[in-house]
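# Residue-level structural notes
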Amino acid sequence: MTRDEELLLEQVTSAHRERGVDGAIRSHPAWHDLDDEGRREAFEATVVLRQLEAALDPRGQSSTVRALLARIGG
Amino acid sequence: MNEEQMTLAAMARGDASAFARWAASVEVPLRLSLRAFATSVDTEAVLQETLLRIWQIAPRFTHDGKPNALLRFAMRTARNVAVSEWRRQGRTEQKELLEQHLAAEVEVAPITPDPHLREQIVNCRQKLPASPKAALEQRLLAGGHEDDTTLAGRLGMSLNTFLQNFTRARKFLRECLEKAGVRLDTELT
């Protein structure tokens, strides 16, 4: 994996996602720039990362859960 | 009424903390159920969209009395969201691959975090070098609310420097945990 691909992968591991005009949660722009191997690696890295985040959070919430709570106003 | 039914009732009343507890318990199996779609759709976006739909549907959801009814429904929803997104991208020509995805078996069970593992992760986090630690802290503090460009700016870093430090943080944590006998790929998944 090249350095540029690593940087794309790292962006995809973030839980930050924009919403489209229809209200649906949009794909991360960097995800579209990864090839299949990069997408697989981003998926596996995210699986581990979210569990690390949940373990480090006092309420056991990953950044995915916290992003959702912000969306629903919780 | 079992625990899941009580959680569902609380969610139906608009209790966001009940939703958060349920979402935290099902996030891993739900995410893993999307593994076959990893090259076809952005599974993080699909997962968030799925969980939002469950929150919206909760007041109308009828529990069938069997274990993990809401999780099973969420898994079906996740696959439907993934397939819709795939079709929206105009990738319908890969019909055979899509059928393989839909046929893939997934395990249906919530996951309870291991307190011993949690302790080891906290220990490793404390040993992180300063810049990777700062990048990790920003992601943890932001909780998905802000993009990496904003987080990098807060640390006075360029986006690339921030991402490189975040990569270092992930690798450091992995190595530190492996030294403590934790294999992340097997312990966590």
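This text goes with the structure placed above it.
Residues numbered from 1 in each chain as written. Chains lettered and ligands numbered in written order. Predicted model: local features only at pLDDT ≥ 70, side-chain atom pairs only at ≥ 80, totals over all residues. Heavy atoms only, no water.

### Points about the overall build of chain B
Using the following cut-off: Strands here mean DSSP runs of E at least two residues long; helices mean DSSP runs of H or I at least four residues long; both are numbered from the N terminus. Accessible surface is estimated by sampling points in the Shrake-Rupley manner with a 1.4 Å probe; for residues, cover comes only from the protein chains shown.
Summing up its helical and strand segments, chain B has 10 helices and zero strands in all. In chain B, the succession of α and β elements from N to C terminus is α-α-α-α-α-α-α-α-α-α. With an accessible surface of roughly 9,500 Å², chain B has 50% of that area assigned to carbon and sulfur atoms.

### Here's the deal with unusual backbone geometry
The phi torsion at B:Asn68 lies on the positive side, around 60°, for a residue other than glycine. Here B:Asn68 is to be found in the loop between α3 (43-57) and α4 (69-88).

### A few points about the nonpolar core
This is how the line gets drawn: Among buried residues, those of type Ala, Val, Leu, Ile, Met, Phe, Trp, Tyr and Cys that are joined through side-chain atoms within 4.5 Å constitute a nonpolar core. Relative accessibility under 20% of the residue-type maximum defines a buried residue, over 50% an exposed one, and the middle range a partly exposed one, all with a 1.4 Å probe and only protein chains included.
Counting residues in each nonpolar core, the largest one holds 37 residues, and the members touching the most others are B:Met11, B:Phe19, B:Trp22, B:Leu30 and B:Leu51. If one sorts the elements of this core by residue count, α4(B) sits on top with 10 residues. Listed in part, the 25 residues of the second largest apolar core include A:Leu49, B:Leu136, B:Phe162 and B:Phe166.

### Considerations on the state of the cysteines
All names here are of chain B. To keep things clear, this is the line we draw: The term disulfide is used for any two cysteine sulfur atoms that are within 2.5 Å.
A full pass over the atoms with the stated rule returns one disulfide over all chains. With its sulfur 2.1 Å from that of its partner, Cys124 forms a disulfide with Cys176. Disulfide Cys124-Cys176: the torsion about the S-S bond is -85°, which places it as left-handed. Residue Cys124 is found in helix α6 (residues 115-126), and its partner Cys176 is found in helix α9 (residues 159-179); the two are separated by 52 residues along the sequence. Here Cys124 falls in the buried class, since its relative accessible area comes to 3%.

### Considerations on helix α4 (residues 63-72) of chain A
So the rule is basically this: Any pair of residues with heavy atoms lying within 4.5 Å of one another is described as a contacting pair. N or O atoms within 3.5 Å of each other form a polar contact, as long as, within protein, one can give a hydrogen and the other can take it, and as long as residues adjacent in sequence are counted only when both atoms are side-chain atoms.
The buried fraction of α4(A) amounts to seven of the 10 residues, a majority that puts the element mostly inside the structure. What α4(A) keeps buried is the set A:Ser63, A:Thr64, A:Val65, A:Arg66, A:Ala67, A:Leu68 and A:Leu69. Residues of α4(A) that are buried make contact with α3 (36-56) of chain A together with α2 (16-32), α3 and α7 (130-142) of chain B. Of the residues flanking the start of α4(A), the one acting as N-cap is A:Ser62, its side-chain oxygen 3.2 Å from the backbone nitrogen of A:Thr64.

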